[in-house]
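Each chain is listed here by its residues.
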Amino acid sequence: MNSESRFSIILLNFAIYFVIVSISNCDGQKLYTSNEKILLKDLHSRVKQNLTQGIMHENKYLVRFLRAQNHDVGRAEAMIRRTLTWRNENKIDKILKEDWSSWLQKYPITLHMVDFEGRPVMSSGVGEMDTRNLILMGEGNEMDRYFLYCYERQLHNLHHVSKASGKEFTETYFLFNMAGYNPKAHACLACIPSWIKLVQIYERHYPQLDRNIIAVNSNILLGF
């Protein structure tokens, strides 16, 4: 293994570790404290005129921003407004209507699973996707947008499952299958910017969406 491959693996390990630690910092609350209910009402009153989707008016959407900012309503409001600007610039509200059938066929995601409490679980795998080849073939931007589509599917599935089950869930689980992981395909220097960008988008615009991330079939290098 050459020095470039070793360096790429270290960077990718750090990025994945950052995601896992960030997600694991979620407090796992399912319900809202009396103080949170007051703060959520205040937060909603500040942003309700700018929210672009029905699910954004629900406490289960707003509370993640509130908790991500340690219950500081002003900072949570600013975070939501930055998210709304980002969503508008990247046409995220329309992403679920775009045709992703070919990507879903090649790189499927699973959304029908739930845990013992009924909380939704999304699963996906890294092995099927040769990220290096996609980037070299000029499909890197479409690949990145496909990941955003997966984020958005996961977000909407959380609200769908909550409504269908009659239970209030604010977080999901993400099961990440590492089978087939290959440093040359997934940890190349050309791949790292995409992974870092996706981590940043998750932190900034989908805060605390996952209660936990579980990596299975991981090798020694990625065994957290």
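Please refer to the structure placed before this passage.
Basis of the calculations
- Residues numbered from 1 in each chain as written.
- Predicted model: local features only at pLDDT ≥ 70, side-chain atom pairs only at ≥ 80, totals over all residues.
- Heavy atoms only, no water.
- Helix = DSSP H or I, 4+ residues; strand = E, 2+ residues; numbered from the N terminus.
- Expected span 1.5 Å × (residues − 1).
- Contact = heavy atoms within 4.5 Å.
- Polar contact = N/O pair within 3.5 Å; in protein donor to acceptor, adjacent residues only side chain to side chain.
- Buried < 20%, exposed > 50% of the residue type's maximum accessible area, 1.4 Å probe, protein only.
- Pairing = 2+ DSSP bridges.

### Regarding helix α4 (residues 73-89)
1) Next: Between its terminal C-alpha atoms α4 stretches 24 Å, which fits the 24 Å expected from 17 residues at 1.5 Å a residue.
2) Next: Summarising the contacts, the buried residues of α4 are in contact with α2 (34-47), α3 (59-68), α7 (140-165) and α9 (192-205).
3) Next: Put simply, D72 is the residue that caps the front of α4, since its side-chain oxygen is 3.1 Å from the backbone nitrogen of G74.
4) Next: Trailing α4 by a residue or two, K91 shows a phi angle of about 50°, which is positive.

### Describing the pairing of strand β2 (residues 120-125)
1) Next: Burial analysis of β2 places five of its six residues in the buried class, which makes it a mostly covered element.
2) Next: Here four bridges tie strand β1 (residues 109-114) to β2, and the two strands are oriented antiparallel to one another. Across the sheet, M113 pairs through a bridge with V121, a residue of β2.
3) Next: Linkage of β1 to β2, two consecutive antiparallel strands, is achieved through a turn of five residues, within which G118 is found at a positive phi near 100°.
4) Next: With five bridges joining them, β2 and strand β3 (residues 172-177) adopt parallel strand pairing.

Nothing here speaks to function; it is geometry throughout.
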